[in-house]
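# Overview (structure and organization)
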Amino acid sequence: QVHLVESGGGLVQVGGSLRLSCAASGRTFSSYGMGWFRQAPGKERGFVAAISWNGGGNTEYADSVKGRFTISRDNAKNTVYLQMNSLKPEDTAAYYCAGVYRRTSYTSRDHHEYDYWGQGTQVTVSS
């Protein structure tokens, strides 16, 4: 099992940057594929980015964030990051990290495929 805790959210102006962190407990974090999802009020949880287990050998992004967001991981620190640049008001949401035990290069956009979730961190982009 792995326990996930997000941090780094906050209020930022349009065009600004934030870096979200997701700290994981457990000694097998490096065997987990990780993802970031977000949910705005009244909307379904949507895919943002994913990274495979093997130190970032494979990454995937939603079209809406491609070129602005970067997912990365530091297995030595049991942490996955989401660097968010050029933020827009439509990026406002609660951001969640998620994990699934998967030692392959496969990444998933489907939140149903993830077994472990953090509590979320709020990102608000003001115009």
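Worth saying up front: this structure is predicted, and the values here are computed from it rather than measured. (Residues numbered from 1 in each chain as written. Predicted model: local features only at pLDDT ≥ 70, side-chain atom pairs only at ≥ 80, totals over all residues. Heavy atoms only, no water.)

## Comments concerning the side chain of Ser-31
Along the polypeptide, Ser-31 turns up in the loop between β3 (18–24) and β4 (32–39). Reaching out from Ser-31, the side chain makes a polar contact with the side chain of Arg-103 at a distance of 2.7 Å. (Helix = DSSP H or I, 4+ residues; strand = E, 2+ residues; numbered from the N terminus. Polar contact = N/O pair within 3.5 Å; in protein donor to acceptor, adjacent residues only side chain to side chain.)

## Points about the nonpolar core
Judged by nonpolar contacts, the single largest core of 35 residues is most densely connected at Trp-36, Leu-82, Met-84 and Tyr-95. Among the elements of the structure, β3, β4, β5 (46–51), β7 (69–74), β8 (79–84), β9 (93–101) and β11 (121–126) are those that each provide at least two residues to this core. (Core = buried A, V, L, I, M, F, W, Y, C linked by side-chain atoms within 4.5 Å. Buried < 20%, exposed > 50% of the residue type's maximum accessible area, 1.4 Å probe, protein only.)

## Describing the pairing of β3
Counted residue by residue, β3 has 5 buried out of 7 residues, so it is predominantly covered. In this structure, strand β1 (residues 4–7) lies alongside β3, joined through 4 bridges in antiparallel fashion. The partner of Ser-7 across the bridge, within β3, is Ser-21. Direction of pairing for β3 relative to β8: antiparallel, over a ladder of 6 bridges. Bridge pairing in β8 places Arg-19 opposite Gln-83. (Pairing = 2+ DSSP bridges.)

## Digging into the sheet that holds β8
The strand order across the open sheet formed by 4 strands is β1-β3-β8-β7, and the pairing between neighbours is antiparallel. Edge positions in the open sheet fall to β1 and β7, since each of these has one partner strand only. Taking each pair of neighbouring strands and ignoring which way they run, the sheet shows an average axis angle of 15 degrees. With 6 bridges connecting them, β7 and β8 associate as antiparallel partners. If you follow Ile-71 over to β8, its bridge partner there is Leu-82. (Axes fitted to C-alpha atoms, helices over the stretch in contact; angles between N-to-C directions.)

## What about the state of the cysteines?
Scanning the model with the defined rule gives 1 disulfide in all. Across the disulfide from Cys-22 sits Cys-97; the S-S distance is 1.9 Å. Looking down the S-S bond of the Cys-22 and Cys-97 bridge, the torsion is 45 degrees, so its handedness is right-handed. With Cys-22 in strand β3 and Cys-97 in strand β9, this pair connects stretches of sequence that are 75 residues apart. Residues Cys-22 and Cys-97 agree in their burial class; the two are buried. (Disulfide = S-S within 2.5 Å.)

## Regarding the pairing of β11
What you see with β11 is a clean split: Thr-121, Val-123 and Val-125 sit on the buried side and Gln-122, Thr-124 and Ser-126 on the side with no burial. Looking at chain direction, strand β2 (residues 10–13) and β11 are connected through 4 bridges and run parallel. Across the sheet, the residue bridging to Val-12 is Val-125, located in β11.

## Description of the layout of surface pockets
In this structure, the largest pocket encloses a volume near 160 Å³. Along the walls of the largest pocket sit Arg-38, Gln-39, Ala-40, Lys-43, Glu-44, Gly-46, Phe-47, Pro-89, Glu-90, Thr-92 and Ala-93, which together make up its complete lining. Going through the elements one at a time, β4 and β5 are the ones with two or more residues in the lining of the largest pocket. The residue makeup of the lining of the largest pocket, split by class, is 4 nonpolar, 3 polar and 4 charged. (1 Å grid on protein atoms, 1.4 Å probe; cavity = no way out; pocket = protein on both sides within 12 Å on 5 of 7 lines; lining within 4 Å. Points joined across faces, edges and corners; volume = space filled by probe spheres on them. Nonpolar A, V, L, I, M, F, W, Y, C, P; charged D, E, K, R; others polar.)

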